[in-house]
Amino acid sequence: MLDITFIRENLELVKAGAKKKHIEVDLDRLMSVDEKRRALLVEIETMRAKQNEVSDMVVKASPEEKEKAIGEMRVLKETLQGKEKEMEEVMHEWQLLMVAVPNIPDLSVPDGDSDADNKEVKVWGGKPQFAFTPKSHVELMQDLEMADFERGTKVAGFRGYFLKGDGALLSFAIWRYAQDFFLKKDFTPMIVPSLVKRVAFLGSGYLPQGEDDLYKTQDGDFLAGTAEVATMGYYMNEVLPKEKLPMKFLSFSPCFRREAGAHGKDVKGLIRVHEFFKWEQVIVCEGTHEESVKWHEWVNRNTEEFIESLEIPYHTVLNCGGDLGLGQVKKYDIELWVPGENTYREISSASYFHDFQTRRLNIRYRDENGKMQYSHSLNSTAIPTPRILVSLIENYQQEDGSILIPKALQQYMGKEKIEKAKA
RNA sequence: GGAGGAGUGGCAGAGUGGUCGAACGCGCCGGUUUCGAAAACCGGUAUACCGCAAGGUAUCGUGGGUUCGAAUCCCACCUCCUCCGCCA
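Keep in mind it's a predicted model, so treat the numbers as computed, not measured.

1. Topic: the layout of surface pockets
If you add up the space inside the second largest pocket, you get close to 380 Å³. Along the walls of the second largest pocket sit 17 residues, with F6, L13, N103, I104 and H354 positioned nearest its centre. Counting residues per element, the lining of the second largest pocket draws most heavily on helix 2 (residues 11–21), at 4 residues.

2. A few points about helix 12 (residues 387–395)
The α-helix winds at 3.6 residues per turn, so residues separated by three or four positions along the chain end up facing the same way. Most of helix 12 sits out of view: 8 of its 9 residues are buried. All of the buried residues along helix 12 are I388, L389, V390, S391, L392, I393, E394 and N395.

3. Considering the pairing of strand 9 (residues 247–256)
Most of strand 9 is tucked away, with 9 of its 10 residues classed as buried. In the sheet, strand 4 (residues 188–191) pairs with strand 9 via 4 bridges, with the strands oriented parallel. Bridge assignment links P189 to a residue of strand 9, and that residue is L250. Bridge analysis of strand 9 against strand 10 (residues 275–285) gives 10 bridges, and the strand direction is antiparallel. Each residue of the ladder has a partner; that of P254, found in strand 10, is F277.

4. Points about the sheet that holds strand 5 (residues 195–196)
The strand order 5-7-6 describes an open sheet built from 3 strands, whose pairing is antiparallel. For this open sheet the edge positions go to strand 5 and strand 6 (215–216), each flanked by a neighbour on one side alone. Examined bridge by bridge, strand 5 and strand 7 (residues 222–223) share 2 bridges and lie antiparallel to one another. Note that in strand 7 the partner of L195 across the bridge is L223.

Thresholds, definitions, all that
In every chain, residue numbers begin from 1 and rise along the written sequence. The lettering of chains begins at A and the numbering of ligands begins at 1, in the order of writing. Reporting of local features is limited, given that this is a predicted model, to residues whose pLDDT is at least 70; pairs of side-chain atoms are given and counted only at 80 or more, and all residues count toward the totals for whole chains, interfaces and linings. Calculated side-chain values reflect all of the structure's heavy atoms, with hydrogen atoms and water omitted. In this analysis the probe radius is 1.4 Å and the grid spacing 1 Å, with only protein atoms considered; a cavity is a set of points the probe fits into but cannot get out of, a pocket is an open set with protein on both sides within 12 Å along at least five of seven lines, and lining residues have an atom within 4 Å of a point. Grid points are joined across faces, edges and corners, and a volume is the space filled by probe spheres set on the points. Here a helix means four or more residues in a row that DSSP labels H or I, a strand means two or more in a row labelled E, and each is numbered from the N terminus. Each residue's exposure class comes from its accessible area (1.4 Å probe, protein chains only) as a fraction of the maximum for that residue type: buried when under 20%, exposed when over 50%, partly exposed otherwise. Strands are treated as partners if at least two bridges between them are detected by DSSP.

Function cannot be inferred from these measures alone, as they are strictly geometric.
See the structure below:
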């Protein structure tokens, strides 16, 4: 959410931002509704002031005066109730418009419609040269009994999967390695709820848009697609001590995504599943652009370093305007090389929001002058499983169908290679 | 799931229809005093919105309602506590 005063004073800037993001929102309508809102507010508050004034007087008044005043107030009350009703309708529309206003993308964000227009800003690692035709992770994992997709769909439905044997162990190894790796960087680890109340989704910007992408319970709660939702909700409606900023969380949670708009896409394997696990970096920092930028670069670099330590080739892209979410100011995606598809696939997404989320969630701190300020927030994937297995397994495959374990993971896996059990 | 109790400012806690944004205390900030400190004393100490300002409005878990007027009465919901049941 943006500040209404800011929108009013920077209307053209906000309009240009929405256009760059390819997000439709009727800002002129918002301006006229807001004007109505403020006019009504003045009317209502004036009436209430009168009401309060008379109310004070009634106590001390003589019986006749009292009678007269109360009579007058009955009339005023009726008018007031009419105005309040009107205000309610205006506020309803105002709020719908307000939550639809996108945050303004950074100047460095390239123009573009979709992820196809994202700009490559970094390439790392040599792509493996195979003297044989590389297999897909699906084939490799099935051959090594690391995953079972048929039974996955039998039990869990479309996009269902089981990880078993070394597939399960490899997931645990990655979680534990990621834990050790990232906690060296001074994060507070958390295991956070996935079953979360509506208000946290509204606050983090996943609702009211995007309800189709979420699983919903019969109690009106939703299953989160990322630990970001609960982690951001953690401090909602709180005033944080300035000296504790920045807060750095490494949050673990199961993640659930309906993938409502992606029916035909990535139907095979572990790229796109309804249910997965993720370590997520979440930062709440002081409310300046410089802080946001600094931590944004930092969290993104953390994930790059992690991938480098696993020695998997990747590139980093700067997302274009059309590929930014409602609240995001700027976003980097890290994409790992997937030999079986001969392309890069997204593994991480790092974005900052300025005070877009914290304004909705009401997360503040007191600055050095004792003034209340909204914090800034940002987040980035640390590592998702099982998606990381796709590129890990495909890049490390050997001609005999075995898979080498990256050096950094060997101590967590207890071996250097995954291969077929000897008969 | 059943029975009962409770939610007030940073904390603690009064207030059961009107002068209550809210007593008293603690804490915190500033001052007096002091060589310095403690104690004592004096003053201050929520947030948001509207407004150039003066000022106004709202907020006592949340949302409705009753009333000229609600922290206070009524209804619903949420959260917490105690007891019983169930359970990893």
